[in-house]
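A closer look at the structure
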Amino acid sequence: MRNIEANVISDTVRRLCMEANYHLGDDVLEALNKFEAVEESPLGKNILKQIIQNAEIAHSEEVAMCQDTGFAVAFVELGQEVHITGGGLNDAINDGIHRGYADGYLRKSIVEDPLRRKNTGDNTPGVIHLEMVPGDKIKVIIAPKGGGSENMSEVKMMKPADGVEGLKAFVIDRVRRSGGNPCPPVIVGVGVGGTFEKCAYLAKKALLRRIGSTHPDPFYAEMEKELLVKINNLGIGPQGLGGRTMALAVHIAEHPCHIASFPVAVNLNCHAARHKEAVI
Amino acid sequence: MTEETKRITTPFSDEIVESLIAGDRVFITGEVYTARDAAHKRLVELLDKGEKLPFDPHGQVIYFVGPAPAKPGKPIGSAGPTTSYRMNPYAPRMIEAGLKGMIGKGEMGSEVVEAMKKHKAVYMVAIGGAAALIARSIKKSEIIAYEDLGAEAIRKLYVEDFPAIVAQDYRGENMYIKGVQTYKRE
Ligand code: SF4
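What counts as what
Residues numbered from 1 in each chain as written. Chains lettered and ligands numbered in written order. Predicted model: local features only at pLDDT ≥ 70, side-chain atom pairs only at ≥ 80, totals over all residues. Domains from an automatic or database assignment. Contact = placed C-beta atoms within 7 Å. Helix = DSSP H or I, 4+ residues; strand = E, 2+ residues; numbered from the N terminus. Nonpolar A, V, L, I, M, F, W, Y, C, P; charged D, E, K, R; others polar. Near = placed C-beta within 6 Å. Pairing = 2+ DSSP bridges. Axes fitted to C-alpha atoms, helices over the stretch in contact; angles between N-to-C directions. Buried ≥ 20, exposed ≤ 12 C-beta atoms within 10 Å, placed from the backbone. Core = buried A, V, L, I, M, F, W, Y, C linked by C-beta atoms within 7 Å. Expected span 1.5 Å × (residues − 1). Arc of directions from axis to C-beta. Left-handed = near helix turned anticlockwise from the far one by under 90°.

Residue and element names in this part refer to chain A. With domains assigned, chain A is organised as domain 1 (2-20 + 65-145) and domain 2 (148-272). If you average the C-alpha positions of domain 1 and of domain 2, the two centres end up 26 Å apart. With seven residues of domain 1 at the interface, the matching set in domain 2 holds five residues. Tallying contributions element by element places strand β5 (residues 138-145) first for the side of domain 1 that touches domain 2, with three residues. By residue class, the composition of the side of domain 1 that touches domain 2 is four nonpolar, one polar and two charged.

This is the structure:
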């Protein structure tokens, strides 16, 4: 057993909330530059340039790249040989979110009840996904998720007979219907299989994958490539105003599923694709 | 659509609205007001009751934004646009009351376009997510109503060369259709 103090976890979460909102990942920047170079629409090209410039300002001035600093989503991989002392894990994470959003001048965007809609005032609680893993460490990923792109996401319980073509049609249609709302260029996370909630989780987790990385299964790697081309062929372009850059990447995550089911989830992330991680 | 960026100032006259064409890039200078859904709901409730709004909407421009908190020494935190379709139920009423311009992101609904055509108003977009860049053009910010709404309070901003793009103009021209048609491939 290894003891880890709850306040070490909380301090880490505090720092990650700020870092994620200030510093865009180098993989996202690289992809933005790559697409900017070949964007055919002059307006689209100008928009991509401004998005890149924005990321540079946020990075150098340490300010939020987007005013919607998101729902703080925490992915925690907890080593089974870890013993947390001095407080609970959930409380530690929420305390870190509370302090990170206050100290980092980040916007508080959470209401305590979806119908009565009173702001909690400190961006807590976060959404916490916990997985137990072997070992004596804790890995924490903080992924602030904006509302605009989250609202364009969807889960669909398809029929097994819908197959590959059905899946592709659903993903493309979901992106087409979202237009400029999710602040394109976007990253498209697709969860396939599992159960209703599992595939949504997979879609979200797929957004964390490094842009430019290849799916380990050639079957899905090919599908990701094809979907990216087809999505960009929609012509929606940067901010939905027309162009060749609607998506920077398509990431699929799959899971075994029931003989009767074919759940598919699409989770869109905007170009402010934020996630930072630490291992304690 | 012109390559050059047009410089315009608020408040907007009919002539300014008429000069703007979907696809134009503009730099806006002058006062603009901020409001998101929660503030719009209250504004329209006042209009329903025939009461005065916290600001006179004639010729004015509303920016759909809920900014991040300002760091010390800055007038405002990061301040990019929020999604405009959530304002579809309210925008026609505001346009009837004299509003001439809106700034947001994403397409606005047909009910808003009808009101824009009838009363001459324009819908512009700022780049969603370019919030730190946009904040540089905001020189002053002052809460004028609904402080209890936090980030969603109504602010009066003074902006200089605020970068925006005309997305839907008063003639019904729509970049979300025009732009996409130009660049789509089978
Ligand atoms: S969708 Fe993303 S980039 Fe757009 S406003 Fe929301 S968080 Fe910002």
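Having put the structure on the table, let's press on.
A word on the site of the ligand. Lining the immediate environment of the ligand, one finds 14 residues, of which A:G146, A:G148, A:C183, A:C270 and B:G129 sit closest. Mapping the residues adjacent to the ligand onto the chains of the assembly identifies chains A and B. Partitioning the shell around the ligand into residue classes produces five nonpolar, eight polar and one charged. Counting the residues that make up the shell around the ligand, at least three belong to each of domain 1 (2-20 + 65-145) and domain 2 (148-272) of chain A.

Our next topic: the sheet that holds β5(A). Residues and elements named next belong to chain A. As summarised here, the arrangement of the four strands in space is β4-β2-β5-β10, forming an open sheet in which the pairing is mixed. Unpaired on one side and paired on the other, β4 (127-133) and β10 (276-279) mark the two borders of the sheet. On average, each strand axis in the sheet is inclined to that of its neighbour by 15 degrees, with strand direction left out of account. Of the strand pairs in this sheet, β5 and β10 are connected by four bridges, and their pairing is antiparallel. Across the sheet, the residue bridging to V140 is A278, located in β10. Across the sheet, helix α1 (residues 6-22) is in contact with β2 (71-79), β5 and β10; its angle to β5 comes to roughly 40 degrees.

All right, on to the pairing of strand β7 (residues 186-193) of chain A then. Residues and elements named next belong to chain A. When you tally the buried positions in β7, you get seven out of eight residues, the bulk of the element. Across eight bridges, β7 lies against strand β8 (residues 247-255) in parallel orientation. Paired with V190 across the bridge in β8 is I252. In the sheet, β7 pairs with strand β9 (residues 262-269) via six bridges, with the strands oriented antiparallel. Among the inter-strand pairings, V192 is bridged to a residue of β9, identified as V264.

Moving on: the nonpolar core. Ranked by internal contacts, the top residues of the largest apolar core, which has 134 residues, are A:C17, A:A64, A:M65, A:V188, A:A247, B:M124 and B:A167. Per-element tally for this core: the top contributor is strand β7 (residues 154-168) of chain B, with eight residues. Counting only domains with at least three residues in this core, you end up with domain 1 (2-20 + 65-145) and domain 2 (148-272) of chain A. Not counting chain neighbours up to four residues away, the residues in contact with A:A247 comprise A:V175, A:P185, A:V186, A:I187, A:V188, A:L228, A:I231 and A:N232.

Turning our eyes to something else, we now look at the interface of chain A and chain B. Contact residues are listed per partner, giving 42 residues for chain A and 38 residues for chain B. Per-element tally for the side of chain A that touches chain B: the top contributor is helix α3 (residues 42-61) of chain A, with 10 residues.

All names here are of chain A. Compared with the 22 Å implied by 1.5 Å per residue over 16 residues, the 23 Å span of helix α6 (residues 163-178) between its first and last C-alpha is a close match. Those residues of α6 not exposed but buried are L167, V171, R174, V175 and S178. Down the axis of α6, the buried side of the element spans an arc of 95 degrees, and every buried residue falls inside it. Opposite the buried face of α6, at more than 90 degrees from it, the exposed residues are E165 and R177. Where α6 is buried, its residues meet β6 (154-158), β7, α8 (218-232), β8 and β9. Directly beyond the C-terminal end of α6, a positive phi value near 50 degrees is found at G179.

Below, the discussion takes up the environment of A:R99. With respect to the secondary-structure elements, A:R99 resides in helix α4 (residues 89-103). Here the alpha-carbon distance between A:R99 and A:T124, two residues 25 residues apart in the chain, equals 9.9 Å.

What follows concerns the packing of α1(A) against α4(A). Working note: a packed helix pair is described by the angle between its axes plus the distance between those axes. Residue and element names in this part refer to chain A. Contact pair α1 / α4: the axes reach a minimum separation of 7 Å and the direction vectors enclose 40 degrees. Judged by the twist between their axes, the crossing of α1 over α4 is right-handed. Judged by residue contacts, A6, N7, I9, S10, D11, T12, V13, R14, C17 and M18 of α1 engage L89, A92, I93, D95, G96, I97, R99, G100, Y101 and D103 from α4. Taken together, the residues that form the contact of α1 with α4 break down as 10 nonpolar, five polar and five charged.

Moving on to the sheet that holds β6(A). In a beta sheet, neighbouring strands pair by backbone hydrogen bonds and run either parallel or antiparallel. Residues and elements named next belong to chain A. Strand order in the open sheet formed by four strands is β6-β9-β7-β8, with mixed pairing between adjacent strands. Looking at strand neighbours, the two that pair on one side only are β6 and β8, the edges of this open sheet. Each neighbouring strand pair of the sheet contributes to a mean axis angle of 15 degrees, computed without reference to strand direction. Packed on one face of the sheet, α6 meets β6, β7, β8 and β9 and runs near 30 degrees to β9.

A few words now on the packing of α6(A) against α8(A). Residues and elements named next belong to chain A. Relative orientation of the contacting elements α6 and α8 amounts to 35 degrees, with a least axis distance of 10 Å. Our pair here, α6 against α8, has a crossing hand that is right-handed. Touching K168, V171, I172 and V175 of α6 are L227, K230 and I231, all from α8. Residues that form the contact of α6 with α8 fall into these classes: five nonpolar, no polar and two charged.

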